[in-house]
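The chain contents come next:
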Amino acid sequence: MSEDRQTPPREGHASAQDGETPSYEQAREQLTDVVRRLENGGLTLEQSIELWERGERLAAVCEEWLQGARAKLAAAMAQRQEPQPGAPEDAPF
């Protein structure tokens, strides 16, 4: 994963097994696994609650990645719409 692509969400959220903030793809995959395990059932109430809480943290990580992506996209679109220095003004032709 390239450095410019990975900007970790705020601290205190779900983390990868090595202690680092997971990428969007990692968090989404882990969240999918959590949902699958909850849907399969057969867990104690305590296990289900623990998984649910982990799922909530992973969902928050995914949302933060998506918000960051939206902000980058909005900034890129705004920059594209700004007149560039040295570019000709709107010409009638």
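Residues numbered from 1 in each chain as written. Predicted model: local features only at pLDDT ≥ 70, side-chain atom pairs only at ≥ 80, totals over all residues. Heavy atoms only, no water.

Asks: Any chance you could explain the confidence of the model for the chain here in plain terms?
Replies: When pLDDT is low, close inspection of the predicted coordinates is not appropriate. Within the chain, residue pLDDT values average 81, and 68% of them lie at 70 or more. Contacts from residues 1-5, a stretch scored under 50 in pLDDT, to residues over four places away or in other chains number seven contacts. For the stretch residues 10-16, pLDDT sits under 50, and the model shows 14 contacts to residues farther than four places along the chain or on other chains. (pLDDT = per-residue confidence, 0-100. Contact = heavy atoms within 4.5 Å.)

Asks: Just to check I follow, could you spell out the nonpolar core for this structure?
Replies: Here is a general trend for soluble globular proteins: nonpolar side chains tend to be buried in one another's company. The biggest cluster of nonpolar side chains holds seven residues, and these are Ala 27, Val 34, Leu 51, Leu 58, Val 61, Cys 62 and Trp 65. Secondary structure elements with two or more residues in this core: α1 (24-40) and α2 (45-81). It is α2 that contributes the most residues to this core, five residues altogether. (Core = buried A, V, L, I, M, F, W, Y, C linked by side-chain atoms within 4.5 Å. Buried < 20%, exposed > 50% of the residue type's maximum accessible area, 1.4 Å probe, protein only. Helix = DSSP H or I, 4+ residues; strand = E, 2+ residues; numbered from the N terminus.)

Asks: Looking at this structure, I do not really get a negative patch on the surface. What am I missing?
Replies: A grouping of Glu 46, Glu 50, Glu 53 and Glu 56 is seen on the molecular surface, where their side chains present a negatively charged patch. In this fold, Glu 46 is placed in helix α2. The class for Glu 46 is exposed, based on a relative accessible area of 66%. (Patch = residues over 30% accessible without salt bridge, like charges linked within 9 Å, V, L, I, M, F, W, Y side chains within 5 Å. Areas by Shrake-Rupley, 256 points an atom, 1.4 Å probe, with all protein chains shown as cover. Salt bridge = Lys/Arg side-chain N within 4 Å of Asp/Glu carboxyl O. Lys, Arg positive; Asp, Glu negative; His and termini not counted. Charge placed at Lys NZ, Arg CZ, Asp CG, Glu CD.)

Asks: I keep staring at α1 and nothing clicks. Help me out?
Replies: Because an α-helix packs 3.6 residues into every turn, residues spaced three or four apart end up facing the same way. An ideal rise of 1.5 Å per residue puts 24 Å on 17 residues; α1 measures up with 24 Å between its terminal C-alpha atoms. Of all the positions in α1, only Ala 27, Gln 30 and Val 34 are classed as buried. Down the axis of α1, the sector holding all buried residues measures 65°, keeping them to one side. Summarising the geometry of α1, the exposed residues directed more than 90 degrees from the buried face are Glu 29, Glu 39 and Asn 40. The secondary structure elements touched by the buried residues of α1 are α2. Just beyond α1, the residue with positive phi is Gly 41, at close to 75°. (Expected span 1.5 Å × (residues − 1). Arc of directions from axis to C-beta.)

Asks: Would you take a moment to explain the pattern of salt bridges for this structure?
Replies: Between side chains of opposite charge, a pair can form when the charged atoms approach closely. Throughout the structure, instances matching the rule amount to two salt bridges. Residue Asp 33 pairs with Arg 36 through a salt bridge whose shortest N-O separation is 3.7 Å. One end of the pair, Asp 33, and the other, Arg 36, are both in helix α1, three residues apart, so they sit about a helical turn from each other. For Arg 36, a relative accessible area of 44% translates into the label partly exposed. Among the salt bridges present, the one from Glu 63 reaches Arg 70, with a minimum N-O distance of 3.5 Å. Owing to a relative accessible area of 34%, Glu 63 belongs among the partly exposed residues under this scheme.

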